[in-house]
Each structure stands twice: as C-alpha cells, then as structure tokens.
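Residues per chain are reported as follows:
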Amino acid sequence: MIFQPFKTLLFGFAFSPSLRENVYEATRLAQYFNAALIFVHVGQKTPIKQVEFQRLLDECSPNQDQIQIYWKEGDPITTLARASKEFDVDLLLLGALKRENVVKYYLGSIARKLTRKAPCSVLLMLNPSVDWSPCKHIVVNGFDSPQTQETVEAAFYIGKYLASDKITLVGEVSESRVTVSVNDDRSLRKVTLRKEKIDREEKMRFIDIIKKIPDTITEGLKYETQSIFGRRGYSIGHYARVVRADLLVMNAKEEQRFFHRFFPSDLDHMLTEIPTDLLIIRSKTYG
Amino acid sequence: MAKKNPIGTFTKELPQNIFAGFVVSLIALPLGLGLAIASDAPPLSGIIAAVAGGIIMAIFGGSNVTIAGPGNGLVIVLLSAITTLGEGNLYEGYLLTLAAIILSGGLLFLFGVLRLGAISEFFPASALQGMLAAIGIGILAKQFHVMLGLTSIPGGTIEQLLRIPDSLLLFLGIHPFAGVLGVASLLFLFLYSRIRNPYFHLIPAPMWVVIGSIGIGYYYTLILNKSLPIAPELLINIPNHLFSNLPHPNFDKLLDVNFIGIVFSITLITVIESLLSIKAVDKLDPKKRRSNVNKDLRALGLASVVSGFLGGLNVVTVIARSSVNTNNGGTNRSANFFHAVFLVLFVVFLGDQIQRIPLTALAAILVFTGYKLSSPGALLRIYKIGPEQAFIFLITLLTTLFTSLIVGIAAGILFTFIIHLILRKSFFLFSLNIFKPNVLMYLEKQSGNYYVSVKNFSTFLNFFRLKNKLDQIPESEHVIVDFSLCDFVDHTVMEGLYDYNLSFKRKSGIFEIIGLDIHASESQHPFAVRKSLPINALIGLQKTLSNRQKNLEKLAEKLKWTYEPKIESDPEGIENFLFFESKTVNYSVNSLWNHQFNLFDLSFSEGAFITKEDLKATFLLFKSPKNLPVFVLDKEDFKTTLYQWAGFDDINFKKHPDFSKRFHLSGNDRKAIIKFFHSELIYFFESHPVFHIESNGSHLLIKGKDRLSSLQEIKIMLAFAKDLLTLLEHSEYRVI
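Residues numbered from 1 in each chain as written. Chains lettered and ligands numbered in written order. Predicted model: local features only at pLDDT ≥ 70, side-chain atom pairs only at ≥ 80, totals over all residues.

### Let's talk about the overall build of chain B
And then number 1: Broken down by element type, chain B carries 28 helices and 16 strands.
And then number 2: Out of the 736 residues belonging to chain B, those deemed buried represent 47%.
And then number 3: Looking at chain B alone, contacts between residues at least 24 apart form 76% of all its contacts between residues at least 6 apart. (Helix = DSSP H or I, 4+ residues; strand = E, 2+ residues; numbered from the N terminus. Buried ≥ 20, exposed ≤ 12 C-beta atoms within 10 Å, placed from the backbone. Contact = placed C-beta atoms within 7 Å.)

Written out as structure tokens, the structure is:
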C-alpha cells in the first residue's frame, strides 16, 4: 500500500459563524484517524479569542493530548502553506462556504488558493456539523493516472475508518478515447461497442487497483465501479451530486504542462462548484 | 439477424427510386426555374444547381432520402447579392455571385470537415422561425407583382408589400392575360390539397401549374391559331447553346467587404436550411436511418462549388422536394441522382416547351412558397408556446426585413438571451455556467437505462452539449433525462427534446423527461420555457402540466385512479416512518391514488439552514390488510448506518442465505419480523425488483430511486405493490 495514513491534521481557522461546527468536525476526524491535530489561527492574537477558542475546544474534545494550537500572523495563504510544511502535515482541513441565495457551494478565494498551494492532501468540508453525520457513500476518481492508486487507497482507508457503506470508483472516459465520433447509425454502433470495450478495460484496471490494497482495509467494504462519459474532472462532480455522495476523493492536480496553464484543469472546475465534501489526495510519491 | 445483401436490396429498390426521382423532378423543374428567376439569375441556374446537387449528393452525401437543389431561403440573399454586387448590371452581378457561391461551397466543405454542423444549434428556435418568415415575406412581396405581370416594381420588401394594392388595381390594364393566369395558378395551388384524387396527386401541384399554362399557350397558338397572348418578356428565356457558353465566375471582388458578407450569408443560410431539412427528413425516412450531417455538409459544399463553376446557384438540402421523394417511394440516394437525370432530359428535350412557361405562373408558385414560409399560422403557433416567443419571432422578422438576414438573426439571438435574463431574473446563472459542461450521462447498471442529468441551465446557448450526449444513445434504448438540477430550460431545448422523443419512439426506444414538474411555465404548451421557482411561489401558482404529469394523468385514467398534480404543502400519513425521522418534508406533488394506494412525488430536505439539501423522490403508500411489525427492508449495499444507530441490526435467515445476503432487514421486534417473513414472502422479494420498503405497523411505504421515478419505473412500482398486497391478503400471518 502506497498510501500513508494521516498522522497529522491541520486546521486553519478564523472566527467565523461556522467555527464551532468546523472544530467539532476536525476533532472528530482526528479522533477517527487517531491523528495529531494542529489548529493554526491566522490573525491577531487576543486574550478574548484565546479564551473563547479554548472553551470551544473543551466543549468538543475532552482529550486534548494530541491537539496543539498556534497563533500566527501574516498572509493566510502563505502562513498556512508554510505551517503545513513546517509541521509535516498530512491533511489540511478547510471549511467551504455555502451561499444560500445561489444554493451552491463556493470556496472562498483563500481556500481555493490554498488548495493549489498546499504541500499535502486537503479536505474541504461542506457540511460541518456538531453531530456526526455518517459518511455513507464515497465516490473516488479512477482516472488512468499514476496517482490514482494512492487516491483509491485513501478512499478505502477513510471508508474503513468512517464505516462507510459503499465506495464507487468512477472512471471518466473522455471522448477522445472513443476515437470514433457519432455521425450516423453505423458509427453509433461502433461507438457503442467501443464504449463497452472501454468499460470492460476500465473495470479490469479498477480490479487491479483494488487488488493491491490489503484485505484488512477492503474487508467489509462494498464497492462498485461506474464509467461515465464526459469531460474529465467535471463530470465526476456532477455524478457525485446526482448519486448524492457524501465524500468525493480526487487526485491532486497532475503535472502542469504549459498548455494547461491557460485552461482550467479538473480541480479548477470542481472548486468553483463543489458537489460534496471533497478530499484531494496529494501523492507523496508522485509529488 | 441475417445480413441483408446491400447490392441486392439496391437493385430491387431501383425501380421505385427511379420513379420517386421522376416525380421529384416534376416539382424540381418549376421550383428550380422559379427560384432562379426570383433571385434575378438566369432561369437555368436553378436547374444546374439541382442537377449538380442531385448527382454529387448521390455519390458523396451522408443522408439517404434527401433531395438537394436551389433553396427557398437563399432567394433573398442571392437576390440582394446579384443586385448589389452588379451595381445595376444584373449579369455582372450574377457572375460575381457565382464566385461567392463557389467560395461559400468551399467554406461549407470546411464546415463539414471540421464537424461544425453543430453551429446551427446555436440559433434559438423562435428566432429561426422569424428569420424564415422574413424570407417568406421577402419572396412573397416581390413575386406577388411578378405574378400579376408587373416585373419591375422597385423598392425594398416593405415598399413592395405596400404596393400590392396598387398592382392589383393596375395589372388588368397592363398584362391582363398573364396576370389572370398567375392569379388562377395561385388559387389552384391553394386548392390543390382539397382535390382528393390520387391520380391527380401523382403530379405535384407546381407541375400542374406549369403544364396547365403551357397547355393554354398551345391552345392559343395551335387551335385558335392566334399569337401567344403573353408578352415575350413574361416568358422564360433559355440560351440556345447550352453548353458552349458557360458563364465565367468573376472573382474580382474577393476582398470587398460586401462580397465577403455575402459569402458568409450564403453559407449560414445554406447550413441552417440544410440541417433543418435533414433533421425533418430523417423523420420521414421509411428505413429510419440517421443521416451523417457533416458528410452531407461536405458534399453540399462540393456540389455548390461545381454548380457555381457551371453557372448554377448554390446547393441546399430542401425539405419539400425531399418529402415528395419519400412519399413516392424513394429509399436511397439514387432517387436524388435520378431526379437530376430527369431534369437534364427535360431541359435537353423539352427546351422549347419550357420557353413557353409564363413567368406569372412561376411567380404564383413562389408566392405560394413564400406564404407557406411566413404563414401567419406560424406566429399563432409560436404565440401559444408563450408570448415572449412571439416577441422574439417578431423582433427577428422585423429586423430581418428592415436590415439583412445576418443582422436579423443576430438580433433574434440577442433578444432571446435578454428575455431569458428577464424571465430568470439572474445574470449569474448564465454567466457563471455558460462555459461549463452541464450534462452527465451514464449507463445505469441495475436497469440498463441511460441516465442523463442536466444542471444549471439548458438553453440554445448550450443545447449542443446535451445534444452531443443524446446523439450517443442508440434510439432503441431507454433514456431518462433529468432536469431536477436544472433551473431554467428554454423553448429551443424543449422543442429539441421533443424531436428526440419522436426519433426514440420511431425506433421503439423510450425517451423520458423527469424533474420538470415543479418548473413554472407561462403557457400550456409542451415546448414552453420552464424555470424553477422557490417553493412558496410555487404553491397554488402552477398552471400547466409537464409531459410527465400528463402521462401520469393518462395512467390514472387507465387505472381508474384519481390524479392530482397540485402541490400539497402538508402531506399526510408519512410522518411516522423511520425514513423521515431525520428529514423535513417540504411538499408532495403529483398524487395518484385509489382507495388502497397512494403514489406521490415528495420533496424533502436533509439538514437545515446552511446545510439544507432539497431532494425529491417518488413514493407509494398503502394500507396493509393486517397489522405488521415495524420494519425496514432495503438493498444490502444501501444499508444505513442510521438504522444501526437506532438500535436495529440486520436480521438474517439461515434458511434463506440468498435473501439475507441481498437484503438488509431491520426492526425492533425481531421475533415478530422473523415470523412475518415466511418463505413465500421471502421468495416474493427475491424474485421482484428491489425497493426500499418500510412498515410503520399499519401502512407500507415503498420508495423508488433517490430521484423522481420515470413513468416506466412507476408502473413497475405499482405492479410490485399490487402483487405484494395480494400476497399479504392471502398470507396466514397474524399478530398475536
């Protein structure tokens, strides 16, 4: 197994209306993963804030052995990115905002930039709540990429710890892979057959990926595979919304070719319209 | 399935295609001549276009039963090209226009190569209708005078329209015979469909007009021995040496702005008219084939280039002639070829007779065509869809009449978008999402159905994305298009989807649309614009039924149940089910019930305030004949942690390992549940589709998918519930 379990979590916070829910969520996650949790506040440190936060922490986590709090000042993005590096953080937790009038989730610009700059995996929490809501259905990308193995392993690892019911591996088959375009009946038949073939190949690939995961983790977890046809990185978010997944696990941005700088990549699409809680796995092996 | 021998079929069907080609040529001859004359081009240029189109499309085309030739839509563009480019000299203008036609053919070919057929999807349906109507009015305005024998009425379309009363008063004094012949021809064309004699209908109406007017001419010259009572300038003139003096296209104005504009106009109208025709003709194809649109565009481009070099107009796929083709037994492209062959034969052997065709008779045919394009019925039809569509139609129509086609269609697009903004009252919905892929399609594993989800908005601006996905689904399959994540659906999309519905029906597939039920619309029309509204505004406001609702209504009639589409803000009888314990019920809609069953769509929310998530699903509720233990039966892989938390766990049966593996059964009273689930009942669940089923002691609740169920799924659900009820009535279980 390539994936290394999360040992250190970091939550960057400011005093916002959803802070309480976020702190509950963060401490709960740390507890589930049995990981250390670092809170970093960016902004001026005042005694009132300090007391208030400590009270909040006491409320949700009786055991604070593994919890540290740091108060830092400076630009939030660079500060948090540096802190993640400094403390060798495995997972950065961020709260997303939901805009009520548009009924969609948007990330604050800070969170969005951090997602790109963070040296570690990032979890965007959409629905932080004081009470624990189960993570029933995890959707994970099965892109044909070297990072995918680690991402899928992470999804299974989380599924195991959060007692999920189901994991769906989604393969996005881009149109370019079908190579034939639909013009008339004959080409349509060709395309349909070709898609079925790709679907079979994808399934084999998924099975190979899952085979490499130790039984201790896959045991008791139900998983499915689903091929969807559409633009990469975008359709999977739509899919997660349609099947009402609780968590979407994605590869971090892949190597940036020059060409891609001018076009939004998979993650950029996802970040403008987050469908569910989103976990972005930054591979340690593949950078 | 045994493979058919294509060559054998071709030979077998050859006679009927020759016949169809012949009948088509009968209508193509007068139309070809007429359209050319209406464009102020030499009469034969229309025939040349039809011949070039027929032969080249038959060899290189990608559609099967379409006919190509000069098109109605082009008349206005070509006319203005010939008059403006020639600066008064019509022949010079014609030669310059030939060059534009050749370049446009090249451009069209390029469109086909680059697979740009999809651009025609970017035109809103109502704006397109408005543009076509404007073309129709343009043809009508000019040709009405010609029909009366007055060939030189100056001015633009509006001016010409205003002069019609003058001409009506004048014409008897100038060309009484020819004018009366024209008016009589027009009356005949209007009455033709009323004459219900099949032999008479073998020859298309325009050909009757031509034959009739030639016949009258011969009657005068041969029987009465008088000279022809029609002035020579009102007769068709064909040069004597057809092939020796081909015109030479004049490429002098290549860099002229006006010239370039004309090239683009010609190309645009050709693409629009051809694609509309191909789409319509595909629905008439007796063999239900799908046309290769881009291949057709390439071939049309090639045909236009050839036609242009030979002095012909540009080549378009035309709907009227194509439908004559299918009506008369055309089954493949050879009919198009034979129509060209017959046209050549006509011109070569009947040249003298063709020269006896009065222009007024041809003009009558064109007036009729123009009327058909712009018929006021079209406006009324569009008004029924929604007043805003009529507005778009009129804006496009008037702008086109007063300016040009390109400006007109641009105005139509702009106004459609502005109206969408006004209707939706949100600029962000459109601006934020326009460049994003908004369509997801996948094959649902359990049912084998194609599921297509559309989000954000779906209008003419991004219909191509939805179309692209739908085109990849074989029409014999079952597809469900879900708009529940979509806030706004416009008329263009609704109409496009209706087209898909038809083509799926033709190939015995199923095309269902769900998720539009709570979208508000302005009119009863199935193509009306639909936008989603906040719930409070919706209650009591909903006026019109969506297709799914209409189908539910029909289903209720069939079953003799009651159907009520109204939104019920406080649905009864569902509170004490476990399923709703952690959810808020918003409203129910689309109830379908009888004395036992109650089926309804339910909107409910999970979470509250900022984490609120609105969901919709279809439920079926019925009273059990006996008391039941409280239980929840679900598919095993959807087992909910929630129920385990509530203290329930999976109840398994040693005797029924398969059932235990596939289903998750939970409830407080283990004993009673085990007793209740006797072998017969277990076998029932094993052998039927899997639903989420709950009992609250007295009632049973069956839940469909995590989205609204389609009509097919509802039927399956009803059948399931009925079987279950029968089983329960006959089972011996008693609660002690």
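The structure having been displayed, the exposition proceeds.
### Focus on the overall build of chain A
And then number 1: Summing up its helical and strand segments, chain A has 10 helices and 12 strands in all.
And then number 2: Within chain A, the proportion of its 287 residues that are buried is 44%.

### Topic: the packing of helix α4 (residues 90-113) of chain B against helix α11 (residues 293-309) of chain B
Residues and elements named next belong to chain B.
And then number 1: Where α4 meets α11, the axes come as close as 7 Å, and the angle between the chain directions of the two elements is 160°. Taken together, the axes of α4 and α11 are roughly antiparallel relative to one another. The crossing of α4 and α11 is left-handed. Each of Leu-98, Ile-101, Ile-102, Ser-104, Gly-105, Gly-106, Leu-108, Phe-109, Phe-111, Gly-112 and Val-113 in α4 lies in contact with α11, whose residues at this interface are Asn-294, Lys-295, Leu-297, Arg-298, Leu-300, Gly-301, Leu-302, Ser-304, Val-305, Gly-308 and Phe-309. (Axes fitted to C-alpha atoms, helices over the stretch in contact; angles between N-to-C directions. Parallel < 35°, antiparallel > 145°, perpendicular 65-115°, else oblique. Left-handed = near helix turned anticlockwise from the far one by under 90°.)

### Points about the nonpolar core
General note: in soluble globular proteins, nonpolar side chains tend to be found buried as a group.
And then number 1: Formed by 228 residues in total, the largest nonpolar core has its most connected members in Leu-9, Leu-93, Ile-138 and Val-249 of chain A together with Ala-100, Ala-303 and Ala-364 of chain B.
And then number 2: Not counting chain neighbours up to four residues away, the residues in contact with Leu-9 of chain A comprise Ala-26, Leu-29, Ala-30, Ala-35, Leu-37, Val-89, Asp-90, Leu-91 and Leu-93 of chain A.
And then number 3: Phe-597, Leu-599, Leu-602 and Phe-619 of chain B belong to the second largest nonpolar core, which has 29 residues in total. (Core = buried A, V, L, I, M, F, W, Y, C linked by C-beta atoms within 7 Å.)

### Digging into the pairing of strand β3 (residues 67-72) of chain A
Residues and elements named next belong to chain A.
And then number 1: Strand direction decides the pairing type here: strand β2 (residues 36-42) and β3, joined by 6 bridges, are parallel. From the neighbouring strand, Val-40 faces β3, where its bridge partner is Tyr-70.
And then number 2: Each parallel crossover has a hand, and for β2 linked through helix α2 (residues 47-60) to β3 it is right-handed. (Pairing = 2+ DSSP bridges. Right-handed = clockwise from strand over helix to strand, strands pointing away.)

### Focus on the packing of helix α1 (residues 6-38) of chain B against helix α9 (residues 205-223) of chain B
Residue and element names in this part refer to chain B.
And then number 1: In contact at an axis separation of 8 Å, α1 and α9 are set at 65° when each is read in the N-to-C sense. Taken as axis vectors, α1 and α9 run roughly perpendicular relative to one another. When you trace α1 past α9, the crossing you get is left-handed. Contacts from Leu-26, Ile-27, Pro-30 and Leu-31 of α1 reach α9 at Pro-206, Met-207, Val-209 and Val-210.
And then number 2: Among the residues forming the contact of α1 with α9, the class breakdown is 8 nonpolar, no polar and no charged. (Nonpolar A, V, L, I, M, F, W, Y, C, P; charged D, E, K, R; others polar.)

### Observations concerning the pairing of strand β14 (residues 663-666) of chain B
All names here are of chain B.
And then number 1: Across the two faces of β14 the burial is the same, with Phe-663 and Leu-665 and His-664 and Ser-666 all buried.
And then number 2: As paired strands, strand β13 (residues 631-635) and β14 are joined by 4 bridges and run antiparallel to one another. Paired with Asp-634 across the strands is His-664, a residue of β14.

### A few points about helix α5 (residues 148-161) of chain A
All names here are of chain A.
And then number 1: For α5, spanning 14 residues, the distance from its first C-alpha to its last is 20 Å, which sits close to the expected 20 Å at 1.5 Å a residue.
And then number 2: Of all 14 residues that make up α5, 12 are buried, and the element is covered over most of its length.
And then number 3: For α5, the set of buried residues is Thr-148, Gln-149, Glu-150, Thr-151, Val-152, Glu-153, Ala-154, Ala-155, Phe-156, Tyr-157, Ile-158 and Gly-159.
And then number 4: Packing partners of the buried residues in α5 comprise β8 (137-141), β9 (166-173), α7 (185-211), α8 (215-218), β11 (247-251) and β12 (277-281).
And then number 5: Of the residues one or two after α5, Ala-163 is the one with positive phi, at around 55°. (Expected span 1.5 Å × (residues − 1).)

### Some points on unusual backbone geometry
And then number 1: Here the phi dihedral of Asn-34 of chain A falls at roughly 55°; this positive angle occurs in a residue that is not glycine.
And then number 2: Looking at the element boundaries, Asn-34 of chain A is found in the loop between α1 (19-33) and β2.
And then number 3: A positive phi angle, near 60°, is found at Lys-560 of chain B, a position not held by glycine.
And then number 4: With respect to the helices and strands, the residue Lys-560 of chain B is situated in the loop between α23 (547-559) and β9 (562-564).
And then number 5: The exposed category is assigned to Lys-560 of chain B, around which 7 C-beta atoms lie within 10 Å.

### Observations regarding the environment of Asp-199 of chain A
Residues and elements named next belong to chain A.
And then number 1: For Asp-199, the location among the structural elements is in helix α7.
And then number 2: Taking the number of C-beta atoms within 10 Å as the measure of exposure, Asp-199 has 16 and is therefore partly exposed.
And then number 3: For the pair Asp-199 and Asn-34, spaced 165 residues apart in sequence, the C-alpha to C-alpha distance is 38 Å.

### So, the confidence of the model for chain B
Residue and element names in this part refer to chain B.
And then number 1: On average, residues of chain B score 82 in pLDDT, and 89% of them are at 70 or above.
And then number 2: Overall, residues 607-612 carries pLDDT values under 50, and its contacts beyond four positions in sequence, including any with other chains, amount to 8 contacts.
And then number 3: For this predicted complex, the interface score ipTM comes out at 0.80, while the overall pTM is 0.72. (pLDDT = per-residue confidence, 0-100.)

### Considering the confidence of the model for chain A
Residues shown with low pLDDT carry predicted positions that ought not to be read at fine detail.
All names here are of chain A.
And then number 1: Counting all residues, the mean pLDDT for chain A is 79, and 84% of those residues have values of 70 or more.
And then number 2: For the stretch residues 100-106, pLDDT sits under 50, and the model shows 10 contacts to residues farther than four places along the chain or on other chains.
And then number 3: Here residues 256-264 scores under 50 on pLDDT; set against residues more than four positions off or in separate chains, the count is 3 contacts.

### Structural notes on the environment of Phe-604 of chain B
And then number 1: Within the secondary structure, Phe-604 of chain B is located in strand β11 (residues 597-606).
And then number 2: Note: C-alpha distance between Phe-604 of chain B and Val-585 of chain B (19 residues apart in sequence) is 4.2 Å.

### Quick word on the environment of Phe-122 of chain B
And then number 1: Following the sequence through the fold, Phe-122 of chain B ends up in the loop between α4 and α5 (125-147).
And then number 2: Once the C-alpha coordinates of Phe-122 of chain B and Phe-460 of chain B are considered, the two residues, 338 residues apart in sequence, prove to be 5.4 Å apart.

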